[in-house]
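Residue-level listing of the chains:
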Amino acid sequence: MKLSQIYSILGLEFSGDDIEIVSLSSLALAQRAQMSYCDSPKNTKYLADCKAGAVLVSKDMVDIVKSRAVVVENPHLAFAILSKHFSKPLIREFKPSNIDESVTIMPNAYIGSGVTIGKNSLIMPGAYIGDNVTIGSDCIIHPNVTIYADSVIGNECIINANSVIGSDGFGYAHTKTGEHIKIYHNGWVILEDCVEIGACTTIDRGVFEPTIVRKYSKIDNLVQIGHNCEIGYGSILVSQVGLAGSTKLGRNVIMGGQSGTAGHLSIGDFAKIAGRGAVSKSIEGSKEYGGYPLMELKEWFKTQARFLREFGNKNSKKDQ
Amino acid sequence: MKLSQIYSILGLEFSGDDIEIVSLSSLALAQRAQMSYCDSPKNTKYLADCKAGAVLVSKDMVDIVKSRAVVVENPHLAFAILSKHFSKPLIREFKPSNIDESVTIMPNAYIGSGVTIGKNSLIMPGAYIGDNVTIGSDCIIHPNVTIYADSVIGNECIINANSVIGSDGFGYAHTKTGEHIKIYHNGWVILEDCVEIGACTTIDRGVFEPTIVRKYSKIDNLVQIGHNCEIGYGSILVSQVGLAGSTKLGRNVIMGGQSGTAGHLSIGDFAKIAGRGAVSKSIEGSKEYGGYPLMELKEWFKTQARFLREFGNKNSKKDQ
Amino acid sequence: MKLSQIYSILGLEFSGDDIEIVSLSSLALAQRAQMSYCDSPKNTKYLADCKAGAVLVSKDMVDIVKSRAVVVENPHLAFAILSKHFSKPLIREFKPSNIDESVTIMPNAYIGSGVTIGKNSLIMPGAYIGDNVTIGSDCIIHPNVTIYADSVIGNECIINANSVIGSDGFGYAHTKTGEHIKIYHNGWVILEDCVEIGACTTIDRGVFEPTIVRKYSKIDNLVQIGHNCEIGYGSILVSQVGLAGSTKLGRNVIMGGQSGTAGHLSIGDFAKIAGRGAVSKSIEGSKEYGGYPLMELKEWFKTQARFLREFGNKNSKKDQ
């Protein structure tokens, strides 16, 4: 899309060099033919090195970006509005698929266009394989699983029934009057080899880049993995775990049932989070944690014991 | 159904005016051709003004309802038993559908009878659109979504894969010996315009009236919305939130991941609930809340800090 | 499979009596033609009475099992490796089905081979009924429900949309280098008569035996029931409850929304767990519980009150 068209969509008057913008990206990743946005003073540090051909900024950031600045009142909102125009169509142009002759596709499964499926994989009834999806060899896609377009599934993966891979991330920009404008997600999901996903689990696609579940990770039922998460090698997420967007797990992390994380944080290699643990900031690896607020597990047990001694007793001094 | 038949179903001997009862309703909503029930002393205040042609009551309430009283030992149980007889059939009589010619219906989607779908909407593979459902224009119903009969979806709505709209609410009456008798729900679900629903989210239908999600509300993955809830304009429910039945959210309420509410309470406009927050009673708007027990968020942070200072320290005096 | 083949799979040198092993089982259940494993000193007490024809043990347990010992470094891991070889195929050999002529099967439903369905049951669009499943009479299987092979559903059961019955349990053995080897589950799921399951709920099959939901139990939306659980007569599980594996609930247990349990514990008859309650060890029946750590509900309320008095007050002494 020509930059002048983008100005027109945003209701701005165009002047300058009318370059072609092929897609949107983050400040860190954007290339010359891409457009990015800066919506917060804490991200201005990325502006100097940003290679984007155009950047949505507020008035006070113009000096940093100079001629590449597209000045708007609310850069995040302008980005959301544009994201719809740059989103890939849900149904793509026809491309031939490449499905190994040893693959079994059962009745009522839907296979999109441009799909690749490796040898001996099984696609069960009601499964939806979106356009441009790649599935490796020896995979089992159970009934009624939905795999959105562009997802990449490795070899020997098992996805249990009714799970959803690659759904849109939960991201919106907000107007002054309280409406929420959808940010269309052009990222995708990668499951590496030997990943197993339980039933009714949801893994959202990234905004620009993939959400990744690394090799040998095992994910139970009813788990939520937000956009742009990365789950390290051999990690284990027990049922009803919830990861907010951009959470990064190291290798062999274990998260117990109903535990959860806030977004934009990291958990170190070999960390263990007990069931119900609530991770609200980045934590080191090779330790066990639990509780809410989260602390080291042995501290959580001691804290509970002290707390109960003081407050839980029927004859507590505090109650007299 | 004749009132005499209702007596017969309940094993009661009939006398009086054999009026026609067309459906069941609540004390507040019931009209002359409807039947209602009063199962609790705290609801007797509604009896005086109730317009129902017949009311299931216990012996002690007869004087208030007089000739309209249908006296039973357990009015709630009698109501549940009758609800099956008044429930709408899952598959309705055939009625022609009204689907705009610009609508795309992909393979393996099921479209019931009497369905209306507005222009440019997309129904993806494996989606189930029950009888008498209305879907507006420019909607996307992703693969394997189930929309139960009678649901009403506005314009520009997106429902992500494998979500369920309009499932039966979780309501039962209980026998003395511990069996649970299903209350058939004749309500429905309304999603107003520009609502987005995540993947594997469930929204139950109301008992008599609709469960409502108002315009511009955005609901993430794996969220539970109980029967008779109302979600106000532009509200945001993050992943794994759970709302018990009859919860009313004002406009632009934000609920963080894994937070939840008890039933029959209201949350004021512009309230924010932090992740994991547990709302157990009605709360005012325009404030931030968090924690369990719920309190104002800044208090929750202070409380946590005090608590950790006292109990969380390895050298805590309490531990000596 | 001959025992010599099993040795070969495990890379061991065979000697002795080359008996036929037909399946794997637990120490307690195994019969002469089965193989079992003992992976922990606390289970050696079962070894003496174990009837298995062969038992995977570590070196130090050889003396107890004598000639039946199959000595490996990690019996649990060896068991996991073998479980794949003994797993039933996902798609079984063709057997005729036995579907009553009064059954309604709607479009796009998939009915496997060897399926039995009783009179008047309704199978809605997109439902998947795996091989060898039995469904009683007067059942409703809503759209896009997935019922894995071998599940047994009683009479008058209702399964709401997009739920999953009989998915593989979440069980793995772990290598020294952090990979997880899947334990194939040959158990199944039994729902007794008059059970209702909500939408997007998941019930995993047992390892060797069934996961059981007893008569009249009612389970809401988005509930997780792990492998080998047993839910007693007339129990009620509200939305987003999570039960870890091998949890045993007595009769008429009630668990509130978002409550959960650790695994391998039991809850007594008529116990009530408040919403969010976290059950970490076995508890007696006929009492009400709540909180985290779990305590009797009235104590939880008092404890909260004392805690808030001490820590929650804006003018708390602790803050000075």
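Residues numbered from 1 in each chain as written. Chains lettered and ligands numbered in written order. Predicted model: local features only at pLDDT ≥ 70, side-chain atom pairs only at ≥ 80, totals over all residues. Heavy atoms only, no water.

If you look chain A up in an unreviewed UniProt entry, it shows as UDP-3-O-acylglucosamine N-acyltransferase from Campylobacter devanensis. UniProt, in its Pathway (unreviewed entry) section for chain A, records the words "Bacterial outer membrane biogenesis; LPS lipid A biosynthesis." Under the heading Sequence similarities (unreviewed entry), UniProt records this for chain A: "Belongs to the transferase hexapeptide repeat family. LpxD subfamily." (UniProt positions renumbered as here; feature names shortened; annotations may be inferred.)

Description of the pairing of strand E3 (residues 54–57) of chain C
Residues and elements named next belong to chain C. Along E3, one buried face is formed by Ala 54 and Leu 56 and the opposite face, lined by Val 55 and Val 57, is buried too. Direction of pairing for strand E2 (residues 34–37) relative to E3: parallel, over a ladder of three bridges. If you follow Met 35 over to E3, its bridge partner there is Ala 54. Note: E3 against strand E4 (residues 69–71), three bridges, orientation parallel. Note on E4: the bridge partner recorded for Val 57 is Val 71. (Buried < 20%, exposed > 50% of the residue type's maximum accessible area, 1.4 Å probe, protein only. Helix = DSSP H or I, 4+ residues; strand = E, 2+ residues; numbered from the N terminus. Pairing = 2+ DSSP bridges.)

Focus: the interface of chain C and chain A
The partner chain A presents 48 residues to the 50 residues of chain C that form the contact. Together, Phe 170, Tyr 292 and Arg 306 of chain C form the three largest contributors to the area buried by chain C at its contact with chain A, with a combined 18%. Scanning the region where chain C abuts chain A turns up one salt bridge. Linking Glu 196 of chain A and Lys 182 of chain C is a salt bridge whose minimum nitrogen-to-oxygen distance equals 2.8 Å. If you look at where chain C meets chain A, you find 25 residue pairs in polar contact (both at pLDDT 80 or more). Only strand E16 (164–167), strand E17 (172–174), strand E18 (180–182), strand E21 (202–204) and helix H4 (297–312) of chain C provide two or more residues apiece to the side of chain C that touches chain A. A total of eight residues in the side of chain C that touches chain A trace back to one element, the largest contributor, which is H4 of chain C. (Contact = heavy atoms within 4.5 Å. Buried area = accessible area lost by both parts, 1.4 Å probe. Salt bridge = Lys/Arg side-chain N within 4 Å of Asp/Glu carboxyl O. Polar contact = N/O pair within 3.5 Å; in protein donor to acceptor, adjacent residues only side chain to side chain.)

Observations regarding the pattern of salt bridges
Residue and element names in this part refer to chain A. The full count for this structure, using the stated rule, is 33 salt bridges over all chains. Between Arg 92 and Asp 150 there is a salt bridge, with the nearest N and O atoms lying 2.9 Å from each other. Of this pair, Arg 92 sits in the loop between helix H3 (75–86) and strand E5 (98–99) while Asp 150 sits in the loop between strand E13 (146–147) and strand E14 (152–153), and the two are 58 residues apart along the sequence. Salt bridges here are not isolated pairs; linked through shared partners, they connect Glu 284, Lys 287, Glu 296 and Lys 298.

Remarks on the interface of chain B and chain A
Across the contact, 48 residues belong to chain B and 50 residues belong to chain A. Buried surface at the junction of chain B and chain A, summed over both partners, amounts to about 3,800 Å²; 58% is from carbon and sulfur atoms. Contact with chain A buries surface across chain B, with Leu 222, Arg 276 and Phe 311 of chain B losing the most and accounting together for 16% of the total. In this structure, the connection of chain B to chain A is made through one salt bridge.

Focus on the relation of the copies chain B and chain A
With an RMSD of 0.1 Å, the fit of chain B onto chain A corresponds to turning through 120° and sliding 0.0 Å along the axis. Such values leave the two copies arranged in the relation of a three-fold axis. (Least-squares fit on C-alpha atoms with pLDDT ≥ 70 in both.)

Section: the packing of helix H4 (residues 297–312) of chain A against helix H4 (residues 297–312) of chain B
As a packed pair, H4 of chain A and H4 of chain B sit with axes 9 Å apart at the nearest point and diverge in direction by 95°. Regarding the angle of H4 of chain A to H4 of chain B, the classification is roughly perpendicular. Where H4 of chain A approaches H4 of chain B, its residues Glu 299, Thr 303, Arg 306, Phe 307, Glu 310 and Phe 311 of chain A are matched on the opposing element by Phe 307, Phe 311 and Gly 312 of chain B. Tallied by class, the residues present in the contact of H4 of chain A with H4 of chain B amount to four nonpolar, two polar and three charged. (Axes fitted to C-alpha atoms, helices over the stretch in contact; angles between N-to-C directions. Parallel < 35°, antiparallel > 145°, perpendicular 65-115°, else oblique. Nonpolar A, V, L, I, M, F, W, Y, C, P; charged D, E, K, R; others polar.)

A word on the domain arrangement of chain A
All names here are of chain A. For chain A, the assigned domains are domain 1 (3–85) and domain 2 (98–297). The C-alpha centroid of domain 2 is placed 30 Å from the C-alpha centroid of domain 1. Facing the 13 residues of domain 1 at the interface are twelve residues of domain 2. Here domain 1 packs against domain 2, burying approximately 970 Å² in sum over the two surfaces, 71% of which is carbon and sulfur. Between Glu 73 and Lys 176 there is a salt bridge whose closest N-O contact spans 3.0 Å. Between the two partners, domain 1 and domain 2, sit three residue pairs in polar contact (both at pLDDT 80 or more). The biggest single contributor to the side of domain 1 that touches domain 2 is H3, with seven residues. Taken together, the residues of the side of domain 1 that touches domain 2 sort by class into six nonpolar, five polar and two charged. (Domains from an automatic or database assignment.)

Re the relation of the copies chain C and chain A
For these two chains of identical sequence, chain C goes onto chain A by a turn of 120° and a shift of 0.0 Å along the axis, with RMSD 0.0 Å. Interface overlap between copies is the fraction of interface residues in one copy that are interface residues in the other; for chain C against chain A it is only 20%, indicating separate surfaces.

Side note on unusual backbone geometry
Cis geometry is adopted by the peptide bond preceding Pro 293 of chain A, which originates at Tyr 292 of chain A and carries an omega value of 0°. Mapped onto the fold, Pro 293 of chain A is located in the loop between strand E34 (288–290) and strand E35 (295–296). The phi angle at Ser 286 of chain B is positive, at roughly 55°, despite the residue not being glycine. Tracing the chain through its elements places Ser 286 of chain B in the loop between strand E33 (278–279) and strand E34 (288–290).

As for empty space enclosed by the protein
This structure, assessed with the given rule, holds seven cavities of 30 Å³ or more. Roughly 580 Å³ of volume is contained in the largest cavity. What lines the largest cavity is a set of 30 residues, and nearest its centre among them are Arg 276 and Tyr 292 of chain A, Arg 276 and Tyr 292 of chain B together with Tyr 292 of chain C. Breaking the lining of the largest cavity down by element, the ones donating at least two residues are H4 of chain A, H4 of chain B together with H4 of chain C. Here the lining of the largest cavity is composed, by residue class, of 15 nonpolar, twelve polar and three charged. (1 Å grid on protein atoms, 1.4 Å probe; cavity = no way out; pocket = protein on both sides within 12 Å on 5 of 7 lines; lining within 4 Å. Points joined across faces, edges and corners; volume = space filled by probe spheres on them.)

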